[in-house]
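What follows is each chain in one-letter form.
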Amino acid sequence: SALCCAFGRSIAHSIYLMGVSAFDRFVQGIAAATPARRAVHVEVGANNGQWSRRAFGQLCGPAARRAADQQHLFIVFEPQPRYYEPLMAIVNASNNRSSHVGSSGGPCRMELLSAAAWTHDGTLVFSSNRDPRGAYVGAHKQRGQLGTSVVPAVDLGAYLRRVLRPEDLVFLKVDVEAGEFTL
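To keep things clear, this report deals only with the structure shown in the data block. (Residues numbered from 1 in each chain as written. Predicted model: local features only at pLDDT ≥ 70, side-chain atom pairs only at ≥ 80, totals over all residues. Heavy atoms only, no water.)

## Re the pattern of salt bridges
Applicable threshold: By convention in these notes, a salt bridge is any Lys or Arg side-chain nitrogen within 4 Å of a carboxyl oxygen on Asp or Glu. Helix numbering and strand numbering both begin at the N terminus, where a helix is a DSSP run of H or I of at least 4 residues and a strand a DSSP run of E of at least 2. Burial classes: relative accessible area under 20% of the type maximum marks a residue as buried, over 50% as exposed, and values in between as partly exposed (1.4 Å probe, protein chains only).
Counted according to the given criterion, the structure contains 3 salt bridges. The salt bridge partner of Arg38 is Asp168, with a shortest N-O separation of 2.6 Å. You can see Arg38 sitting in strand S2 (residues 38-44) and its partner Asp168 sitting in the loop between helix H4 (156-163) and strand S9 (169-174), a full 130 residues away along the chain. Classification of Asp168 as buried rests on a relative accessible area of 0%. With a closest N to O distance of 2.6 Å, Glu111 and Arg109 form a salt bridge. Residue classification places Glu111 among the partly exposed residues on the basis of a relative accessible area of 23%. Residue Arg109 is classed as partly exposed on the basis of its relative accessible area of 35%.

Pasting the structure below:
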């Protein structure tokens, strides 16, 4: 699999820095690189799902131009319970919009894993912060910490080995508040 990685403080900040035209060129590049392949977009630390919603809309929405056999699978990881319902709304709306095309749910699909992507299956202590974009792994005190909770964790490497195919084009976006290198 081809693999691209994007690390950043926040997706809103990254999109701001990239600019609208840079984001559009990036998405167009993905579409052009996958004419007869499946593109798998893995967003680890999705927060409110802004990036996946926008990319899904451009690659799979009504105005998207793609080959009939081009497929896109969006896999969204987010352990914060406060984002579960908004993310499920995005997932359901995205899958409903694309389900009319092709068979087996159409060429575009989005899935939500309400868990932390990590180095092992199990659970993690997760700290929430006053800034909802700033949650982090661990119980160590940081400025603005509101409390801790235990969240499910999924071994990202093992999960990807189960889901990916050798011919897939993979885009991995990781924004896990300083946990990127551990992951």
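## Some thoughts on the state of the cysteines
Cut-off, in case you're wondering: Disulfide assignment relies on a single distance test, namely cysteine sulfur atoms paired within 2.5 Å.
Applying the stated criterion to the full structure yields 1 disulfide. Disulfide pairing is shown between Cys60 and Cys108; the S-S distance is 2.1 Å. Between Cys60 and Cys108 the disulfide shows an S-S torsion of about -80 degrees. By sign, it is left-handed. Taken as a pair, Cys60 in helix H2 (residues 50-60) and Cys108 in strand S4 (residues 108-113) lie far apart in primary sequence, 48 residues in all. Note on Cys60: relative accessible area 6%, which makes it buried. Overall, Cys108 belongs to the buried group, its relative accessible area being 0%.

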